[in-house]
Amino acid sequence: MLLLAVVAMAAASVHAQLQDTPASRETFDCPMRYLAMEYAAELQPWRPSVAFSQLAAALNGTPEKPPGCTVEPAVSMGVAGGSRFRHAALAAPGPGSVMLFVDAVHGSDSNDGSIDSPLLTIDAALAASRKSPGYDSIVLRAGTFYQKDTLVLGAEDTGLTIQAYPGEEVWISGARPLTGVSWKPYNVSAGRNIWQASLAGMGFDGVPGLRYNGTRLIRARFPNSNPETDGFGATFNAAWTPQSAPRVPSVQIDLAQPVRNTSASMFQTFTAGVGGTCDRFQPDAGYWCSVNVQGGGSVIYFVPTAMQVTQSIVPNTPYKNASTAVIQTWRPGHWASWMFTVADATFNASSGTTNFTFSAGGFQGSRGENQGAETYIENVFEELDAPAEWFYDENSQVLYLWHNASSGTAPPTDGTLVVPQLRHLINVSGTQAVPVVGLSLIGVGLRDTRYTYMDPHGIPSGGDWPVPCPCC
C-alpha cells in the first residue's frame, strides 16, 4: 500500500521531468522508481532504515523493471531525541481564543493550562476549550498520552488545532501501561525466560496485543516469525473443508437499468446479493454476494469451514485448549488474507491429524475460495517457545511472556510494556447540517490500538477487501 501511494503521488513529478522525452519503458519506469523512493523519504523521513530497505527490495524485485535499474534505500533521518514528525509554529491565539498546554508527565488537570502550569490530559484540555468561544489550540508537550477513552470531537470543536510543541515528539496511544503487576518465573531454565503475571482485578479488557518500547511483541505462534520484520510469516499448507451450504444469496438483485457499462463483455449491469453465503458480513449484502459477479475468475463469496493439519506439519498438536487459537491464512493468489477463530478441535490419534472447525472469520476478504494457502496458527499456549512471544489465558487472566533478556531477568514494570485497549483513538463526528470544519492535528503520532481483524466487517461497493465496522 505504501508503494502504491508513493508511486501515485510521484506521478505528476515524473511527468514534469519526462515531458520532453520520448515515451518508453526504459525512460519512464526507472525514474519512476527513483522518485518513489525519494518521495517516500521526503514524506516520512523518520522511517527506520529497514523500512527503506524493504521498499527498495520491492522496487527492485518486480519482473518488469528495466535491466540495470537499481534503487538504493534512502537514508533514515530518525534520530534519538527530538521528534520524527513535522511541526507547525505556535500561532498567537485570536480574539476569544485560548492556547492550552498539556503535559503527560508533569501536568495536572487542576492547573490552568498555561505553559508554566500545564494540564495533564487531552480530555481536560478539550473540556476547557469548549468553554472558549474562539478557535483554540491545544499544545501537547513531549511524551505519550495514554487515552482511557476515544477522543470524540464534534461540531463544537470546529477550528480546533491539536499540535505537538515544536521540536518535541508526541504520541497519542490507545494502550495502557502494564505497571503494578507482579512477575513470577514460569520457566527460566535451559535458556528459556518465560514469566507469568496475574492481571485479575486490574480492569484490562483482555490482552489484544502487547508492545515493548513501542515494538509489537509476538502472540505465541507456529511457525515462529516476527511480524515487525518478516511480514505475514506463514509457511505451512493444510487441508481444508470447503463450505457445504448452498452458494447462493437469499435475494439476488440484477438491474437492467441503468446500464453500468456498454462494453460487450462484462460489467454491463448492476448486480448484488443479500444474505445466504454472505450472512457473516454486516450488512450481509454486496456485489460479491451475487451469483453474477464477473472478471478475474470471479465467484460468489464463500470460505472454508475447517482446516486439518498433521503432527508432521504442526508438531505441537494436539493442543490442550485450541479454542483460543486464531488461524491466519493467505487466500490462494495472495489477493487477501483470512483470519478464523476456532470453535472446536478434534484429534485423530491414528493419523495424527487435528481438525480445527471455525467459529467465525473469513470476512476479511470478499473473494470466494475453497481453501487457504500458506498458513500460520497463533494464540496457543503450546507455541510459546521463542523470545518476545506471549500468551494471555482469558480464563485465568494470567499473562505469559518470554522476555527477550538473559534467563532469570524479569519483564519490566516501569510502563515500557503496554497493552493496547482502544479500537479508535479519535472519532470526528458531525452532520451535514452541522459539520466539523477546520480541525487540525499537527505533528502528533498515533499508536497502540487493539487488533480489529475479528471485528464485524462489511463490503463497500464492489471492493475486494471488506472493512471493519463502524468504518462500513
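Computed from a prediction, not measured in an experiment: that's the story for all the values here.

The rules behind these values
- Residues numbered from 1 in each chain as written.
- Predicted model: local features only at pLDDT ≥ 70, side-chain atom pairs only at ≥ 80, totals over all residues.
- Heavy atoms only, no water.
- Helix = DSSP H or I, 4+ residues; strand = E, 2+ residues; numbered from the N terminus.
- Buried < 20%, exposed > 50% of the residue type's maximum accessible area, 1.4 Å probe, protein only.
- Contact = heavy atoms within 4.5 Å.
- Areas by Shrake-Rupley, 256 points an atom, 1.4 Å probe, with all protein chains shown as cover.
- Disulfide = S-S within 2.5 Å.
- Salt bridge = Lys/Arg side-chain N within 4 Å of Asp/Glu carboxyl O.
- Polar contact = N/O pair within 3.5 Å; in protein donor to acceptor, adjacent residues only side chain to side chain.
- Expected span 1.5 Å × (residues − 1).
- Arc of directions from axis to C-beta.
- Pairing = 2+ DSSP bridges.
- Core = buried A, V, L, I, M, F, W, Y, C linked by side-chain atoms within 4.5 Å.
- Axes fitted to C-alpha atoms, helices over the stretch in contact; angles between N-to-C directions.
- Phe/Tyr/Trp six-rings, centres within 6.5 Å; stacked < 30°, edge-to-face > 60°.
- Lys NZ or Arg CZ within 6 Å of the ring centre and 35° of its normal.
- pLDDT = per-residue confidence, 0-100.
- Lys, Arg positive; Asp, Glu negative; His and termini not counted.

Considerations on the overall build of the protein chain
- When helices and strands are tallied, the protein chain shows five helices and 30 strands.
- Its C-alpha atoms give the protein chain principal-axis dimensions of roughly 70 × 70 × 55 Å.
- Going through the 472 residues of the protein chain one by one, you find that 42% of them count as buried.
- Sequence separation of at least 24 residues holds for 69% of the intrachain contacts in the protein chain that already meet a minimum separation of 6.
- Of the roughly 23100 Å² that the protein chain leaves accessible, carbon and sulfur atoms contribute 55%.

Here's the deal with the state of the cysteines
- For the coordinates displayed, the defined rule picks out two disulfides.
- The disulfide partner of C30 is C69, and the gap between their sulfur atoms is 2.0 Å. Its torsion about the S-S bond being 95 degrees, the disulfide of C30 and C69 is classed as right-handed. A residue pair is termed long-range when its members are at least 10 positions apart, and C30 in helix α2 (residues 25-43) and C69 in the loop between α3 (49-60) and β1 (99-102) qualify at 39 residues. As far as the burial class goes, C30 and C69 line up, both buried.

Regarding the side chain of T161
- With respect to the helices and strands, the residue T161 is situated in strand β5 (residues 161-164).
- Once residues within four sequence positions are removed from consideration, T161 is found in contact with D136, S137, I138, S440 and I442.

Topic: the pattern of salt bridges
- As enumerated under the stated definition, the model contains 11 salt bridges in all.
- The shortest N-O distance in the salt bridge between R130 and E156 comes to 4.0 Å. Of this pair, R130 sits in the loop between α4 (122-129) and β2 (137-140) while E156 is found in the loop between β4 (151-153) and β5, placing the two residues 26 residues apart along the sequence.
- By relative accessible area, E156 is classed as exposed at 54%.
- A salt bridge links R219 to E378; the nearest nitrogen and oxygen atoms lie 3.1 Å apart.

Remarks on the environment of N348
- Looking at the element boundaries, N348 is found in strand β20 (residues 337-348).
- Residues N348 and T310 lie 38 residues apart in sequence; the distance between their C-alpha atoms is 9.2 Å.
- Side-chain polar atoms of N348 contact the backbone nitrogen of S351, separated by 3.2 Å.

Focus on α3
- The end-to-end C-alpha distance of α3 is 16 Å, a good match for the 16 Å that 12 residues give at a rise of 1.5 Å each.
- Every buried residue of α3 is accounted for by A51, F52, L55, A56 and L59. Down the axis of α3, the buried set is contained in an arc of 140 degrees. They therefore lie on one face.

As for the pairing of strand β9 (residues 194-198)
- As paired strands, strand β8 (residues 184-187) and β9 are joined by three bridges and run antiparallel to one another. Residue N187 lies in a different strand from β9, and its bridge partner there is I194.
- Pairing geometry for β9 and strand β24 (residues 398-402), over five bridges, is antiparallel. When the sheet's bridge partners are listed, W195 is paired in β24 with L401.

So, the nonpolar core
- Among the nonpolar cores identified, the biggest contains 28 residues, and M307, I327, F356 and I377 are the most heavily contacted of them.
- Where this core is concerned, the elements lending two or more residues are β18 (306-310), β20 and β21 (353-361).
- With three residues, β20 is the largest single contributor of residues to this core.
- With residues near it in sequence (within four places) discarded, I327 still touches W240, M307, W338, M339, F340, V342, F358, T375, Y376 and I377.

Examining unusual backbone geometry
- The omega angle of the peptide bond from F222 to P223 is -5 degrees, so this bond is cis rather than trans.
- Secondary-structure assignment places P223 in the loop between β13 (221-222) and α5 (227-230).
- If you check the backbone angles, N379 has positive phi at about 65 degrees while not being a glycine.

Some points on the sheet that holds strand β27 (residues 440-442)
- Pairing within the open sheet is parallel, and its four strands lie in the order β1-β2-β5-β27. For this open sheet the edge positions go to β1 and β27, each flanked by a neighbour on one side alone. Each strand axis lies, on average, 15 degrees off the axis of its neighbour in the sheet, ignoring direction.
- For β1 and β2, the ladder comprises four bridges, and the chain directions are parallel. By the bridge assignment, F101 is partnered in β2 with V139.
- Strands β1 and β2 of the sheet are contacted by α4, whose axis makes an angle of about 165 degrees with β1.

Things to note about the packing of aromatic side chains
- In this structure the tally under the stated criterion is 15 aromatic pairs.
- With a centroid separation of 5.7 Å and an interplanar angle of 65 degrees, the aromatic rings of F381 and F391 are classed as edge-to-face. With F381 in the loop between β22 (375-378) and β23 (389-393) and F391 in strand β23, this pair connects stretches of sequence that are 10 residues apart.
- Ring pairing ties together the aromatic residues Y186, F381, F391 and Y400, which thus form one cluster.
- The cationic tip of R141 hangs over the ring face of Y165; the distance from NZ or CZ to the ring centre is 3.9 Å.

Quick word on the environment of Q163
- Note that Q163 resides in strand β5.
- Not counting residues within four places of it along the chain, the set of residues in contact with Q163 comprises A88, A89, L90, I138, V139, L140, I442 and V444.

Section: the confidence of the model for the protein chain
- Model confidence for the protein chain is summarised by a mean pLDDT of 89, while 92% of its residues fall at 70 or above.
- Within the model, the stretch residues 1-18 combines pLDDT values under 50 with 19 contacts to residues more than four positions away or in other chains.

Here's the deal with the side chain of D136
- As for its placement among the helices and strands, D136 is situated in the loop between α4 and β2.
- The side chain of D136 sits in the buried core without any salt bridge; R130 is the nearest counter-charge, 8.9 Å away.
- For D136, the side chain forms a polar contact with the side chain of S132, separated by 3.1 Å.
- The contacts of D136, once residues within four sequence positions are left out, are G96, S97, V98, S129, G159, L160 and T161.

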